[in-house]
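Observations on the three-dimensional arrangement
One letter stands for each residue in the lines below.
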Amino acid sequence: MRNSHGERFLCTVPTPPPPPPEVTTPEQDLSKEDLDKIAERGLELLQPLENKCIIYPESWWTYKYCHQKDLQQYHVNMEGDNTEGTMIFYLGRFKEPSSKEPLARVQSIAGKKYLVQHWSDGTNCDLNGKPRTTEIQFHCNPNVDYQIAEIKEVSTCNYLMVILTSDLCKDPLFTNKEASLHHTIQCEPMDAVNRPLDQASTKVPPNSLDSKLPPTKNPHPRIHILNAKDGRQLADRLVAEIIRAGKDKQKPSVPQADKLAQHDDKEKQQEEEPRAEL
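What counts, and where the lines are drawn
Residues numbered from 1 in each chain as written. Predicted model: local features only at pLDDT ≥ 70, side-chain atom pairs only at ≥ 80, totals over all residues. Heavy atoms only, no water. UniProt positions renumbered as here; feature names shortened; annotations may be inferred. Helix = DSSP H or I, 4+ residues; strand = E, 2+ residues; numbered from the N terminus. Buried < 20%, exposed > 50% of the residue type's maximum accessible area, 1.4 Å probe, protein only. Polar contact = N/O pair within 3.5 Å; in protein donor to acceptor, adjacent residues only side chain to side chain. Contact = heavy atoms within 4.5 Å. Pairing = 2+ DSSP bridges. Axes fitted to C-alpha atoms, helices over the stretch in contact; angles between N-to-C directions. Core = buried A, V, L, I, M, F, W, Y, C linked by side-chain atoms within 4.5 Å. Salt bridge = Lys/Arg side-chain N within 4 Å of Asp/Glu carboxyl O. Disulfide = S-S within 2.5 Å. Phe/Tyr/Trp six-rings, centres within 6.5 Å; stacked < 30°, edge-to-face > 60°. Lys NZ or Arg CZ within 6 Å of the ring centre and 35° of its normal.

If you look the protein up in an unreviewed UniProt entry, it shows as Protein OS-9 homolog from Basidiobolus meristosporus CBS 931.73. Turning to the protein, the UniProt record has this under Sequence similarities (unreviewed entry): "Belongs to the OS-9 family." Under the Subcellular location (unreviewed entry) heading, UniProt states for the protein: "Endoplasmic reticulum membrane".

Spelled out as structure tokens, the structure:
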């Protein structure tokens, strides 16, 4: 590659390590009771979402998530000024678990914890005759209030929805502990034939393209090579000197004018003296 001055560089882009496998596993260093308490705190942080719904349009289908209520999939039929949903399917409904089961669980991926709920009792699937189900994940993201980031069908009539929220970031346990990795791109200067300068010899092969170019160094040390700016300034000065010299040559100086005037006076006196004698 080249920089803004046209200098050549050879850059090496490091190969990042492969991403960790996306396998959700519970935290090994925390007990089940600890994870249940973390899940309870996470649900408390999601209280601003109560009695609210999030709309997520995606091509043909539109999804409507209502917190702790249900998840709908429908097609928006727009006719004139009226907009209504048709072909409505429920992908899952919130159901209060038994006293022994928590409302949500904590799982992790790549060292980052998130909150999970499993909803069932959706519209029966035409392919397997079973109710549709959805796994809903809440992830910490400090840049958004509440936003549906993804929804997909992971298996027949079983779905996954990912919701991003900054409220979950208020608990440091849901923030990503792993710092983002930065990989440095190293560059070294190259010579005219794409060799590193520390390895390149002073001689250029005769068959190289650069050997046919004119030399860049000054072959005459006594002659100064000027850049474009200095050359223009010097040219302007030379033109001004030439114009000034031309004007001085056409117009005699003051001493020369006085000599010419004295010479004219002498000629007049010589012409008048003979006339006086006559």
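Considering the side chain of Q117
Note on placement: Q117 falls in strand β7 (residues 112-119). Assessed through its relative accessible area of 2%, Q117 is described here as buried. Within the structure, the side chain of Q117 is placed 3.2 Å from the backbone oxygen of L103, a separation counted as a polar contact. Discounting chain neighbours no more than four positions away, the residues touching Q117 are L43, Q68, F94, L103, A104, T134, E135, I136 and F138.

So, the sheet that holds strand β9 (residues 146-155)
Read across the open sheet, the five strands follow the order β6-β7-β8-β10-β9; overall the sheet is mixed. Each edge of the sheet is formed by a strand with only one pairing partner; in this case those strands are β6 (105-109) and β9. Pairs of neighbouring strands in the sheet enclose a mean axial angle of 30°, with direction left out of account. Here β6 pairs with β7 via five bridges, running antiparallel. The partner of S108 across the bridge, within β7, is K113. With respect to the sheet, helix α1 (residues 32-45) is in contact with β6, β7 and β9, its orientation differing from that of β6 by roughly 95°.

Remarks on the nonpolar core
With 28 residues, the main nonpolar core has Y65, L115, F138, M161 and I163 as its most contacted residues. If you list the elements that add at least two residues to this core, you get α1, β2 (53-58), β3 (61-66), β7, β8 (133-140), β9 and β10 (158-165). Among all residues touching F138, those that are not within four sequence positions of it are L46, Y65, H67, Y114, L115, Q117, I163 and L168.

Some points on the pattern of salt bridges
Scanning all chains against the criterion turns up four salt bridges. In this structure, R41 and D171 form a salt bridge, with 3.3 Å as the shortest nitrogen-oxygen distance. Note that R41 is positioned in helix α1 and D171 in the loop between β10 and β11 (186-189), a separation of 130 residues in sequence. The exposure class assigned to R41 is partly exposed, which follows from its relative accessible area of 36%. Across the pair D167 and K170 runs a salt bridge whose closest N-O atoms are separated by 3.5 Å. Note on D167: relative accessible area 11%, which makes it buried. On the basis of relative accessible area, K170 is assigned to the exposed category, the value being 60%.

Some details on the state of the cysteines
In total, this model carries four disulfides according to the counting rule given. In this model C53 forms its disulfide with C66; the gap between the sulfur atoms is 2.1 Å. What sets the handedness of the C53 and C66 disulfide is the S-S torsion sign, and at about 105° it is right-handed. Here C66 lies in strand β3 and C53 lies in strand β2, a separation of 13 residues in the sequence. Owing to a relative accessible area of 6%, C66 belongs among the buried residues under this scheme.

Remarks on the pairing of β3
In this sheet, β3 lies alongside β2 in antiparallel orientation, the contact comprising six bridges. Bridge pairing in β3 places E58 opposite W61.

Describing the packing of aromatic side chains
Enumeration over the complete set of coordinates arrives at five aromatic pairs. Taking the centre distance of 5.5 Å and the plane angle of 20° together, the rings of Y65 and W119 count as stacked. Here Y65, found in strand β3, pairs with W119, found in strand β7; they are 54 residues apart in sequence, far enough to count as distant. Neither Y65 nor W119 differs from the other in exposure class; each is buried. An angle of 65° between the planes, with centres 6.1 Å apart, marks the rings of F94 and W119 as edge-to-face. Here the residue F94 occupies a position in the loop between β5 (82-93) and β6, and W119 occupies one in strand β7, the gap between them amounting to 25 residues. Taken together, the aromatic side chains of Y65, F94, W119 and F138 make up a single cluster linked through ring pairs. The ring of Y90 carries the charged tip of R93 above its face, separated from the ring centre by 4.2 Å.

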